[in-house]
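Observations on chain architecture
Residues per chain, in single letters:
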Amino acid sequence: MKRRNFIATTAVGAAGIATTKVNAQNMETTKDFKLKNNINHSVCQWCFGDIPLEDFLKTLNGLGIKAIDLIGPKDWHLLKKYDIHCSMCNGAEISLEEGWNDPKNHEVLIKNYTEMIPKVADAGYTNLICFSGNRNGMNDYVGLQNCVDGLSQIIPLAEKYGVIIQMELFNQVNHPDYMCDSSLWGVELCKHLGSDHFKLLYDIYHMQIQEGDIIRSIQNYHPYFGHYHTAGVPGRHEIDDSQELYYPAIMKAILDTGYTGYVAQEFLPTWDDKIEALKDGFLRCDV
């Protein structure tokens with residue numbers, strides 16, 4: 001995906017400027033790694049993209065992590081080999097910038113999602129990501145109606161196959177002009193579509209930057225949130241004490257809603273040992 005390739009490239013440059021963080025205390029906390037698993041843990045593989053996927057899956061097996069995010073059909077056979085669930089599938093979208101808010105994309109998107117939805121279901125997976133696209137001068141109300149017009153043509157198929165289409169929320173700092181940049185806009189789209197097979201992927205990092213008030217949003221709008229991503233603010237790095245969000249409280253708020261889906265780590269590691277950083281993130285969310 002273009003977004004994730006760009007962010008990863010940018011992060012490498014930033015890492016060259018900043019001093020690599022190695023926190024001996026954090027490393028010690030992950031020495032005895034044991035999870036309660038009240039939270040269903042997952043991780044976005046693109047953040048650890050310099051580790052070959054098969055090696056990464058072996059590591060997840062060793063940690064007892066049962067799911068991974070943002071993997072397309074070409075790699076599902078590896079997930080099956082290591083008994084790792086794909087908690088968020090991709091591969092049907094055009095790009096982050098070219099989404100459902102522009103009718104000129106509908107023909108391609110409808111074809112892509114019509115083909116992908118049965119594949120997701122046949123593989124035993126449930127969640128399939130989508131994007132609003134950029135405004136490009138378009139009014140938000142017009143864009144919302146365009147999304148409704150396009151998505152309405154694939155939602156019946158998603159319902160038939162038990163697949164949930166999930167639109168991700170982004171901030172305007174990292175993704176200028178992206179339309180689905182607020183909880184309210186996304187919730188309004190969910191209401192217009194009126195299906196339990198369309199939800200929002202609530203990215204905590206993005207929404208902290210864009211609107212804040214994370215726990216209140218989770219409490220108020222959780223019926224419309226079908227999946228969660230994490231990362232530290234600012235910087236999109238570890239979710240440790242170096243950043244402003246307190247993830248244990250956020251995870252407790254998510255659990256209090258009765259949520260039983262997955263929470264995927266989506267931070268860019270800066271520690272020398274990236275797997276130790278990942279373990280630390282899991283433990284902080286394992287309330």
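Please refer to the structure higher up on the page.
Overview of the structure. The structure presented is a predicted model; accordingly, all values stated were derived computationally and were not measured.

Next up on the list: the overall build of the chain. The number of helices and strands found in the chain is 12 helices and eight strands. When contacts within the chain are restricted to residue pairs at least 6 apart in sequence, long-range pairs at least 24 apart make up 76% of them. Taken as a whole, the chain presents about 12300 Å² of accessible surface, with 50% of it coming from carbon and sulfur.

Another point: helix H3 (residues 53-63). An α-helix turns once every 3.6 residues. As a result, residues three or four positions apart point the same way. All of the buried residues along H3 are Leu53, Phe56, Leu57, Leu60 and Leu63. Taken around the axis of H3, the buried residues stretch over an arc of 120°, which confines them to a single face. In this fold, the buried residues of H3 make contact with strand E1 (40-43), strand E2 (67-71), helix H4 (76-81) and helix H12 (274-285). Positive backbone phi, approximately 80°, marks Gly64, located one or two places after H3.

The next thing to look at is the packing of H3 against H12. Two elements in contact, H3 and H12, have axes separated by 12 Å at closest approach and are oriented at 45°. Classed by the angle they form, the pair H3 and H12 counts as oblique. When you trace H3 past H12, the crossing you get is right-handed. Residues Phe56, Thr59, Leu60 and Leu63 of H3 form the contact with H12, whose participating residues are Ile275, Leu278, Lys279 and Phe282.

Further remarks concern the nonpolar core. If you look at the biggest cluster of nonpolar residues, it comprises 92 residues, and the most contacted ones within it are Leu151, Ile165, Met167 and Phe198. In terms of residues, this core owes the most to one element, helix H5 (residues 106-122), which gives six residues.

Throughout the structure, instances matching the rule amount to 11 salt bridges. A salt bridge links Lys279 to Glu276; its shortest N-O distance comes to 2.9 Å. With Lys279 and Glu276 both in helix H12, this residue pair falls three residues apart, about one helical turn. According to the relative accessible area criterion, Glu276 is buried, its value standing at 14%.

Of all five residues in strand E3 (residues 85-89), four are buried, a share of seventy percent or more. Relative to E3, E2 is paired through four bridges, and the arrangement is parallel. If you follow Ile71 over to E3, its bridge partner there is Cys89. For the crossover from E2 across H4 to E3, the handedness is right-handed.

Put simply, helix H6 (residues 140-151) and helix H8 (residues 183-193) touch, their axes get as near as 10 Å, and they point 40° apart. In this view, H6 runs oblique relative to H8, as classed from their interaxial angle. Read as a crossing pair, H6 and H8 show a hand that is right-handed. Judged by residue contacts, Asp140, Gly143, Leu144, Cys147, Val148 and Leu151 of H6 engage Trp185, Glu188, Leu189, His192 and Leu193 from H8. Its residues assigned to classes, the contact of H6 with H8 comprises seven nonpolar, two polar and two charged.

Compared with the 24 Å implied by 1.5 Å per residue over 17 residues, the 24 Å span of H5 between its first and last C-alpha is a close match. Taken residue by residue, H5 has His106, Leu109, Ile110, Tyr113, Met116, Ile117, Pro118 and Val120 as its buried positions. Of the surrounding elements, those touching the buried residues of H5 are H4, E3, strand E4 (127-130), H6, helix H7 (155-161) and strand E5 (164-168). Looking one or two residues past H5, Gly124 carries a phi angle of roughly 90°, positive in sign.

Enumeration according to the criterion identifies 10 aromatic pairs in this entry. Between Phe170 and Tyr178, the aromatic rings sit 4.7 Å apart at their centres with planes inclined by 65°, giving edge-to-face as the arrangement. Tyr178 shares its class with Phe170; the two are buried. Cluster of aromatic residues (ring-pair linked, three or more members): Tyr202, Phe225, Tyr228 and Tyr259.

Cut-offs and rules
Residues numbered from 1 in each chain as written. Predicted model: local features only at pLDDT ≥ 70, side-chain atom pairs only at ≥ 80, totals over all residues. Heavy atoms only, no water. Helix = DSSP H or I, 4+ residues; strand = E, 2+ residues; numbered from the N terminus. Contact = heavy atoms within 4.5 Å. Areas by Shrake-Rupley, 256 points an atom, 1.4 Å probe, with all protein chains shown as cover. Buried < 20%, exposed > 50% of the residue type's maximum accessible area, 1.4 Å probe, protein only. Arc of directions from axis to C-beta. Axes fitted to C-alpha atoms, helices over the stretch in contact; angles between N-to-C directions. Parallel < 35°, antiparallel > 145°, perpendicular 65-115°, else oblique. Left-handed = near helix turned anticlockwise from the far one by under 90°. Core = buried A, V, L, I, M, F, W, Y, C linked by side-chain atoms within 4.5 Å. Salt bridge = Lys/Arg side-chain N within 4 Å of Asp/Glu carboxyl O. Pairing = 2+ DSSP bridges. Right-handed = clockwise from strand over helix to strand, strands pointing away. Nonpolar A, V, L, I, M, F, W, Y, C, P; charged D, E, K, R; others polar. Expected span 1.5 Å × (residues − 1). Phe/Tyr/Trp six-rings, centres within 6.5 Å; stacked < 30°, edge-to-face > 60°.

By themselves, these observations are geometric and do not establish any function.
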